[in-house]
Amino acid sequence: MRKSKTLAKIRAGKCARVCGMGHYLPFFIRYAAHFRYDVIWLDLEHRAMDQREVQSILAMCQQHDIDCMVRSPTLERTGLYRYLEDGATGVMIPFVSNADIARDIVEAVKYPPLGNRGLDGAGLDADFGIEAWKADSTYVSDANNETFVVGQIETVEAVENVDEIAAIPGLDVLFVGPADLGLRLGEGGDLDGAIETVAAAARKHGKAWAIPGGTPELLTRYRELGAQMLVCGGDFALMKVLEESSQILDETVE
């Protein structure tokens, strides 16, 4: 089974590089791998793709040796572990506001003894059965060890419960959603304090934590707080490319 670059970085105490993608852009996968990103965050919460498009993206990520973390639009158990069967390296769940939600996610996507995921072994993650159906197969343990579960901390309740959330075995990463969390904290809310609370809970329970950051100053600060997954860049940055190109045209074309 393919080994996760993200988990290798986290286990070595390093920081995984994350970029976002929400559209069917095969070339973006190749570019992300070329520019040494460890994982593509595939957003299916806010973007619509059909199942075959998702399967194609996951296969291309495997082909180019880059992790894919799927932000799922569903908590339905077979829907969650089917992403892993189709080649996702991680699942990311929005609005994990208490330990029960975190526990249910782990239950759905991890094989026993960590969870209760259904076993098929015919998916891309098991090389379509070649890895799972041989007598000396280590597929089940490999699947548990080389896939990760990310819970998004996006509500006041989640910050209040973050110590209990972080304590759930099998939950690998606490991901701060600064836009939603900031919205719910309200004007004058202490977003920086909430981020520090998440960082402290992750450190206490030996978990990684993650957050987007758009400037060198923010990324440096989050890394100093111990973040091990940092998001910088995504397909919406193509807007900036077109803006710059349009400015060049403005200078040369009437």
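The model shown is predicted, which means the values in this text are computed figures rather than measured ones.

Draft legend 1. Examining a nonpolar patch on the surface more closely. Among the surface-exposed residues, Phe27, Tyr31, Phe35, Leu238 and Val241 lie close enough to one another that they form a single nonpolar patch of about 500 Å² accessible area. For the nonpolar patch, the secondary structure elements donating two or more residues are helix H2 (26-34) and helix H12 (238-252). Note on placement: Leu238 falls in helix H12.

Draft legend 2. Main features of the layout of surface pockets. Space inside the largest pocket adds up to approximately 280 Å³. Taken together, 15 residues line the largest pocket, and the ones lying closest to its centre are Gly20, Gly233, Gly234, Asp235 and Phe236. At the level of elements, strand S1 (16-21), strand S2 (39-43) and strand S8 (229-234) are the ones that each hand at least two residues to the lining of the largest pocket. Of the residues belonging to the lining of the largest pocket, the class tally is 6 nonpolar, 5 polar and 4 charged.

Draft legend 3. Here's a closer look at the environment of Tyr81. Along the polypeptide, Tyr81 turns up in helix H4 (residues 77-85). For Tyr81 and Lys110, which are 29 residues apart along the polypeptide, the C-alpha to C-alpha distance reads 8.2 Å. Not counting the four nearest positions on each side in its chain, Tyr81 is found in contact with Ala108, Val109, Arg117 and Gly118.

Draft legend 4. Structural context of the sheet that holds strand S7 (residues 208-212). Overall, parallel pairing links the 8 strands, which are arranged S1-S2-S3-S4-S5-S6-S7-S8 in a closed barrel. Neighbour-to-neighbour, the strand axes of the sheet open up by a mean angle of 25°, direction not taken into account. Relative to S8, S1 is paired through 4 bridges, and the arrangement is parallel. The partner of Gly20 across the bridge, within S8, is Gly234.

Draft legend 5. Layout of H4. Taken as a whole, H4 has its buried residues at Gly79, Leu80, Tyr81, Tyr83, Leu84 and Glu85. Against helix H3 (51-63), strand S3 (67-71), strand S4 (90-93) and helix H5 (99-109) lie the buried residues of H4.

Draft legend 6. Geometry of the packing of aromatic side chains. Evaluation of the coordinates by the stated rule reveals 4 aromatic pairs. With a centroid separation of 6.3 Å and 75° between ring planes, the pair formed by Trp209 and Tyr222 is classed as edge-to-face. A residue pair is termed long-range when its members are at least 10 positions apart, and Trp209 in strand S7 and Tyr222 in helix H11 (residues 216-224) qualify at 13 residues. For Trp209, a relative accessible area of 2% corresponds to the buried category. Residue classification places Tyr222 among the buried positions, given a relative accessible area of 6%.

Draft legend 7. Quick look at the packing of H4 against H5. Contact pair H4 / H5: the axes reach a minimum separation of 8 Å and the direction vectors enclose 55°. Classed by the angle they form, the pair H4 and H5 counts as oblique. The handedness of the crossing between H4 and H5 is right-handed. Across from Arg77, Leu80, Tyr81 and Leu84 in H4, the residues of H5 making contact are Glu107, Ala108 and Val109. Grouping the amino acids of the contact of H4 with H5 by side-chain chemistry returns 5 nonpolar, no polar and 2 charged.

Conventions adopted
Residues numbered from 1 in each chain as written. Predicted model: local features only at pLDDT ≥ 70, side-chain atom pairs only at ≥ 80, totals over all residues. Heavy atoms only, no water. Patch = residues over 30% accessible without salt bridge, like charges linked within 9 Å, V, L, I, M, F, W, Y side chains within 5 Å. Areas by Shrake-Rupley, 256 points an atom, 1.4 Å probe, with all protein chains shown as cover. Salt bridge = Lys/Arg side-chain N within 4 Å of Asp/Glu carboxyl O. Helix = DSSP H or I, 4+ residues; strand = E, 2+ residues; numbered from the N terminus. 1 Å grid on protein atoms, 1.4 Å probe; cavity = no way out; pocket = protein on both sides within 12 Å on 5 of 7 lines; lining within 4 Å. Points joined across faces, edges and corners; volume = space filled by probe spheres on them. Nonpolar A, V, L, I, M, F, W, Y, C, P; charged D, E, K, R; others polar. Contact = heavy atoms within 4.5 Å. Pairing = 2+ DSSP bridges. Axes fitted to C-alpha atoms, helices over the stretch in contact; angles between N-to-C directions. Buried < 20%, exposed > 50% of the residue type's maximum accessible area, 1.4 Å probe, protein only. Phe/Tyr/Trp six-rings, centres within 6.5 Å; stacked < 30°, edge-to-face > 60°. Parallel < 35°, antiparallel > 145°, perpendicular 65-115°, else oblique. Left-handed = near helix turned anticlockwise from the far one by under 90°.

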